[in-house]
Amino acid sequence: MNKLSESDLVINSDGSIYHLNLRPEDIADTIITVGDPDRVSEVSKYFDHIELKKGKREFITHTGYLGKKRLTVLSTGIGTDNIDIVINELDALVNIDFNSREVKKDLTSLNIIRIGTSGAVQADLSMGTILASSHGLGLDALMNYYVQELSGEEHSLLDHVKVHFGHLKNINPYLTAADTGLLNSIGKDLIHGITVTAPGFYAPQGRQVRAKNAVPNFISMINSFEQGNHRITNLEMETAGIYALAKVLGHKALSINAILASRVNFEFSKDPQEVVENAIKLILERLS
Ligand SMILES: O=P(O)(O)O[C@H]1O[C@H](CO)[C@@H](O)[C@H]1O
Ligand SMILES: O=c1cc[nH]c(=O)[nH]1
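Residues numbered from 1 in each chain as written. Chains lettered and ligands numbered in written order. Predicted model: local features only at pLDDT ≥ 70, side-chain atom pairs only at ≥ 80, totals over all residues.

Novice: Help me out: how do you make sense of the overall build of the protein chain in this one?
Specialist: Within the protein chain, the regular secondary structure consists of seven helices and 14 strands. Compactness check: the protein chain gives a C-alpha radius of gyration of 19 Å against a globular reference of 19 Å for 288 residues, within 12% of the reference. Oriented by its inertia axes, the alpha-carbon framework of the protein chain measures out at about 50 × 40 × 40 Å. Relative to its 288 residues, the protein chain shows a buried fraction of 41%. When contacts within the protein chain are restricted to residue pairs at least 6 apart in sequence, those whose partners lie at least 24 apart make up 77%. (Helix = DSSP H or I, 4+ residues; strand = E, 2+ residues; numbered from the N terminus. Rg over C-alpha atoms; globule rule 2.2 N^0.38 Å. Buried ≥ 20, exposed ≤ 12 C-beta atoms within 10 Å, placed from the backbone. Contact = placed C-beta atoms within 7 Å.)

Rendered as structure tokens:
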């Protein structure tokens with residue numbers, strides 16, 4: 001088997017992976033990811049026991065137990081460039097032998113559950129809705145750099161997306177489904193929809209403040225997509241990267257979105273903390 005070079009797989013002198021600053025024994029098989037580093041303790045405050053707190057840059061990690069279930073909660077910061085780091089380094093922690101620098105014979109599949117905040121693009125989705133992403137649709141560039149194999153369903157949905165968004169220049173959309181098992185367990189009874197992952201918060205999500213937008217009517221272009229019973233429900237900045245890269249590496253992923261903004265009703269939540277808290281409690285209840 002190929003030995004990974006010191007520049008491909010960077011291991012710190014204490015045996016931890018380069019950015020996450022974690023050693024293989026530091027993480028559980030079920031990982032909750034959040035964008036905001038401050039949200040990590042909002043999740044781990046519900047743990048019965050916290051065994052580890054580590055961090056570097058925006059990547060804060062707490063591992064502990066909720067009842068008998070060992071869980072890791074980890075902040076990714078904002079954007080799919082960070083997702084590239086987080087998913088690759090989590091995978092390395094479980095699937096590469098750090099002593100031999102070789103890929104292990106028996107691979108581990110992690111459960112990766114994102115609890116994030118998001119803006120709704122459909123009028124019937126009110127503030128405080130907690131929805132599960134059936135698919136992540138990336139308008140960022142991350143998956144231009146990886147080989148991704150699509151299922152028949154993903155292929156067909158992506159073909160329709162490419163027609164719908166065909167007039168957008170310089171964008172190469174990618175699409176990945178949620179893990180079906182997680183969607184039907186953790187995501188059961190929640191509204192399901194396609195989540196668009198954007199490479200920014202302002203113009204890349206159709207917001208206009210002072211800089212002029214190059215893409216007019218962005219939100220109506222997004223919310224008018226329809227294919228069978230699939231529609232685009234919300235916009236954020238990580239889900240598509242998590243879904244795509246997790247699947248490429250054999251992990252299972254689900255993204256849960258706390259709706260803080262309605263982009264069609266022009267509203268933003270008066271109590272974002274409460275909305276996020278509700279999402280955290282719901283997911284931890286379902287995980288334990
Ligand atoms: O609240 P988090 O998880 O960071 O998620 C959303 O909030 C950030 C933008 O405000 C982006 O990261 C977006 O995806
Ligand atoms: O509108 C929103 C709200 C939260 N996060 C986003 O990325 N967009």
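Novice: Help me understand the confidence of the model for the protein chain, please; the structure alone is not making it clear to me.
Specialist: Do not read the predicted coordinates in detail wherever pLDDT is low. The predicted model of the protein chain averages 97 in pLDDT, with 100% of residues at 70 or higher. The complex prediction reports pTM at 0.98, with the ipTM value standing at 0.99. (pLDDT = per-residue confidence, 0-100.)

Novice: Is there a simple way to explain the site of ligand 2 in this structure?
Specialist: Thr-117, Ser-118, Gly-119, Phe-201, Gln-205, Leu-235, Glu-236, Met-237, Leu-260 and Ala-261 make up every residue found near ligand 2. For the shell around ligand 2, the elements supplying multiple residues, two or more each, are strand S7 (111-120), strand S12 (230-236) and strand S13 (252-262). Of the residues in the shell around ligand 2, the class split is five nonpolar, four polar and one charged. (Near = placed C-beta within 6 Å. Nonpolar A, V, L, I, M, F, W, Y, C, P; charged D, E, K, R; others polar.)

Novice: Which parts of the structure should I look at to understand the UniProt feature "domain: Nucleoside phosphorylase" (unreviewed entry) in the protein chain?
Specialist: Annotation from UniProt places "domain: Nucleoside phosphorylase" (unreviewed entry) at residues 31-284. As a span, residues 31-284 carries 28% helix and 33% strand, and end to end its C-alpha atoms are 12 Å apart. (UniProt positions renumbered as here; feature names shortened; annotations may be inferred.)

Novice: What is the right way to read the site of ligand 1 from this model?
Specialist: Taken together, Val-34, Gly-35, Asp-36, Ile-78, Gly-116, Thr-117, Phe-201, Glu-236, Met-237 and Glu-238 make up the full set of residues near ligand 1. Of the residues contributing to the shell around ligand 1, the split by class is four nonpolar, three polar and three charged.

Novice: Looking at this model, I keep getting lost on the nonpolar core. Mind explaining?
Specialist: One recurring pattern in soluble globular proteins is that nonpolar side chains are buried together. One finds Ile-113 and Leu-254 to be the most contacted residues of the largest nonpolar core, which totals 68 residues. Broken down by element, the residue count for this core peaks at seven residues, all from S13. Discounting chain neighbours no more than four positions away, the residues touching Ile-113 are Ile-32, Leu-182, Ile-186, Leu-254, Ile-256 and Ile-283. (Core = buried A, V, L, I, M, F, W, Y, C linked by C-beta atoms within 7 Å.)

Novice: I tried to follow unusual backbone geometry on my own but got confused; where do I start?
Specialist: Peptide bonds are trans in most cases, and residues, glycine excluded, mostly fall at negative phi. Of note in this structure, Asn-21 is not a glycine but carries a positive phi near 65 degrees. If you trace the backbone, Asn-21 turns up in the segment before strand S1 (30-34). Judged by local crowding, Asn-21 falls into the partly exposed class, with 18 C-beta atoms found within 10 Å.

Novice: Explain the environment of Tyr-65 here, please?
Specialist: The residue Tyr-65 is located in strand S3 (residues 59-66) in this model. Taking the C-beta count within 10 Å as the criterion, Tyr-65 has 15 such neighbours and is therefore assigned partly exposed. Put simply, Tyr-65 and Ile-50 are 15 residues apart on the chain and 6.5 Å apart in space, counted from C-alpha to C-alpha. Residues in contact with Tyr-65, not counting those within four places in the same chain, are Phe-47, Asp-48, His-49 and Arg-70.

Novice: I'm lost on the pairing of S1 in this one. Help?
Specialist: Two faces, one strand: in a regular strand the side chains alternate between the faces of the sheet. Counted residue by residue, S1 has four buried out of five residues, so it is predominantly covered. In the sheet, S1 pairs with strand S4 (residues 69-75) via five bridges, with the strands oriented parallel. Considered in S4, the bridge of Ile-31 is made with Thr-72. As judged from the four bridges shared by S1 and S7, these two strands associate in the parallel manner. Paired with Thr-33 across the bridge in S7 is Arg-114. (Pairing = 2+ DSSP bridges.)

Novice: Looking at this model, I keep getting lost on the pairing of strand S2 (residues 49-56). Mind explaining?
Specialist: Relative to S3, S2 runs antiparallel, the two being bridged by seven bridges. Opposite Gly-55, over in S3, you have Ile-60 as the bridge partner. Counting the residues in the hairpin turn of S2 and S3 gives two residues, including Arg-57, whose phi is positive at 50 degrees.

Novice: When you look at helix H2 (residues 80-95) in this model, what are you seeing that I'm missing?
Specialist: Since one α-helical turn is 3.6 residues long, residues separated by three or four positions face the same way. Along its 16 residues, H2 runs 22 Å from first to last C-alpha, staying within 8% of the 22 Å computed at 1.5 Å per residue. Turning to H2, its buried residues number three or more, namely Thr-80, Asn-82, Ile-83, Val-86, Ile-87, Glu-89, Leu-90, Asp-91, Ala-92 and Leu-93. (Expected span 1.5 Å × (residues − 1).)

Novice: Any chance you could explain the packing of H2 against helix H6 (residues 239-248) here in plain terms?
Specialist: When two helices pack together, their arrangement is given by the angle between their axes and by how far apart the axes lie. At a minimum axis distance of 9 Å, the contact between H2 and H6 shows a crossing angle of 30 degrees. Considered as vectors, H2 and H6 are oriented roughly parallel to each other. The chirality of how H2 crosses H6 is right-handed. Contacts from Thr-80, Ile-83, Asp-84 and Ile-87 in H2 reach Gly-241, Ile-242, Leu-245 and Ala-246 in H6. Grouping the amino acids of the contact of H2 with H6 by side-chain chemistry returns five nonpolar, two polar and one charged. (Axes fitted to C-alpha atoms, helices over the stretch in contact; angles between N-to-C directions. Parallel < 35°, antiparallel > 145°, perpendicular 65-115°, else oblique. Left-handed = near helix turned anticlockwise from the far one by under 90°.)

Novice: What is the right way to read the environment of Met-143 from this model?
Specialist: Topologically, Met-143 is positioned in the loop between strand S8 (130-138) and helix H3 (152-164). Taking the number of C-beta atoms within 10 Å as the measure of exposure, Met-143 has 22 and is therefore buried. Sequence separation between Met-143 and His-251 is 108 residues; the distance between their C-alpha atoms is 16 Å. Not counting chain neighbours up to four residues away, the residues in contact with Met-143 comprise Gly-138, Gln-148, Tyr-174 and Ala-244.

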